[in-house]
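# Breakdown of the fold
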Amino acid sequence: MTNVFIVPDLLEVAAEPNRRALLRLLAEGERTVTELSGHFSVSRSAISQHLLLLSEVGLVSARKDGRNRYYSLDAAGMVRLREEFDAFWTNELDLLVADASRLRPPTSQGKI
């Protein structure tokens with residue numbers, strides 16, 4: 001049996017609708033799971049699981065104060081997410097331009 005540690009994909013984790021909503025809420029400032037869960041129809045436990053995944057990929061950080069855990073956006077993680085999006089769109093747009101160039105009919109010289 002092998003012991004393999006699977007690292008979640010940053011874009012895949014951020015793409016899930018509940019996690020995107022959590023990121024938007026945390027963009028407004030630090031919040032507890034209880035404060036966050038009031039915005040969702042899923043259980044508080046489900047919100048905690050979403051936050052755990054966001055934390056594992058570095059998009060969210062947490063600090064404990066007494067009985068409460070406060071979540072906030074991780075600035076370095078958000079920069080990485082932006083870089084992932086930028087790289088994705090750059091590559092995809094390059095492929096799109098290449099495809100469009102191949103589909104363009106040849107132009108006749110001197111004819112309008």
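## Comments concerning the overall build of the protein chain
Helix and strand content of the protein chain: 5 helices and 3 strands. Taken from the N to the C terminus, the helices and strands of the protein chain come in the order α-α-β-α-α-β-β-α. Here the protein chain holds 112 residues, and 24% of them are scored as buried. Within the protein chain, contacts between residues separated by at least 24 positions form 50% of all contacts whose residues are at least 6 apart in sequence. Accessible surface, the protein chain: about 8,400 Å² in total, of which carbon and sulfur atoms supply 55%.

## Some points on the confidence of the model for the protein chain
Across the protein chain, the average pLDDT comes to 87, with 87% of residues at 70 or higher. Looking across the protein chain, the model is least confident in helix α5 (residues 75–103), with a mean pLDDT of 85, and most confident in helix α2 (residues 17–27), with 97.

## A short note on the pairing of strand β3 (residues 68–73)
Examined bridge by bridge, strand β1 (residues 31–32) and β3 share 2 bridges and lie antiparallel to one another. What sits directly across from Thr32, in β3, is Tyr70. Taken together, the 6 bridges between strand β2 (residues 60–65) and β3 define a ladder with antiparallel strand orientation. Bridge assignment links Ser61 to a residue of β3, and that residue is Ser72.

## Observations concerning the nonpolar core
Counting 19 residues, the largest nonpolar core has Leu22, Leu36, Ile47, Leu51, Leu54, Leu59 and Val60 as its most contacted members. Residue assignment for this core shows that the elements contributing at least two residues are α1 (10–15), α2, α3 (33–37) and α4 (44–56). Here Ile47 is in contact with Leu22, Val33, Leu36, Ser37, Phe40 and Val42, once residues within four sequence places are set aside.

## As for the sheet that holds β1
Spatially, β1-β3-β2 is the arrangement adopted by the 3 strands of the open sheet, whose pairing is antiparallel. The two strands at the open ends of the sheet, each matched to only one other strand, are β1 and β2.

## Section: the pattern of salt bridges
With the rule as written, the count across this model stands at 5 salt bridges. Of the charged contacts in the structure, one is a salt bridge between Glu30 and Arg63, with a shortest N-O distance of 2.9 Å. With Glu30 in the loop between α2 and β1 and Arg63 in strand β2, the pair connects residues that are 33 residues apart, well separated along the chain. Using a relative accessible area of 39% as the deciding quantity, one classes Arg63 as partly exposed.

## Regarding the environment of Asp74
With respect to the helices and strands, the residue Asp74 is situated in the loop between β3 and α5. Spatially, the C-alpha atoms of Asp74 and Val60 are 4.8 Å apart, while their sequence positions differ by 14 residues. Setting aside its immediate chain neighbours within four residues, Asp74 contacts Gly58, Leu59, Val60 and Ser61. Polar side-chain contacts of Asp74 include one of 3.0 Å to the backbone nitrogen of Gly77.

## Examining a negative patch on the surface
On the surface, a cluster of negative charge is contributed by Asp9, Glu12, Glu83 and Glu84. Looking at the element boundaries, Glu84 is found in helix α5.

About the cut-offs
Residues numbered from 1 in each chain as written. Predicted model: local features only at pLDDT ≥ 70, side-chain atom pairs only at ≥ 80, totals over all residues. Heavy atoms only, no water. Helix = DSSP H or I, 4+ residues; strand = E, 2+ residues; numbered from the N terminus. Buried < 20%, exposed > 50% of the residue type's maximum accessible area, 1.4 Å probe, protein only. Contact = heavy atoms within 4.5 Å. Areas by Shrake-Rupley, 256 points an atom, 1.4 Å probe, with all protein chains shown as cover. pLDDT = per-residue confidence, 0-100. Pairing = 2+ DSSP bridges. Core = buried A, V, L, I, M, F, W, Y, C linked by side-chain atoms within 4.5 Å. Salt bridge = Lys/Arg side-chain N within 4 Å of Asp/Glu carboxyl O. Polar contact = N/O pair within 3.5 Å; in protein donor to acceptor, adjacent residues only side chain to side chain. Patch = residues over 30% accessible without salt bridge, like charges linked within 9 Å, V, L, I, M, F, W, Y side chains within 5 Å. Lys, Arg positive; Asp, Glu negative; His and termini not counted. Charge placed at Lys NZ, Arg CZ, Asp CG, Glu CD.

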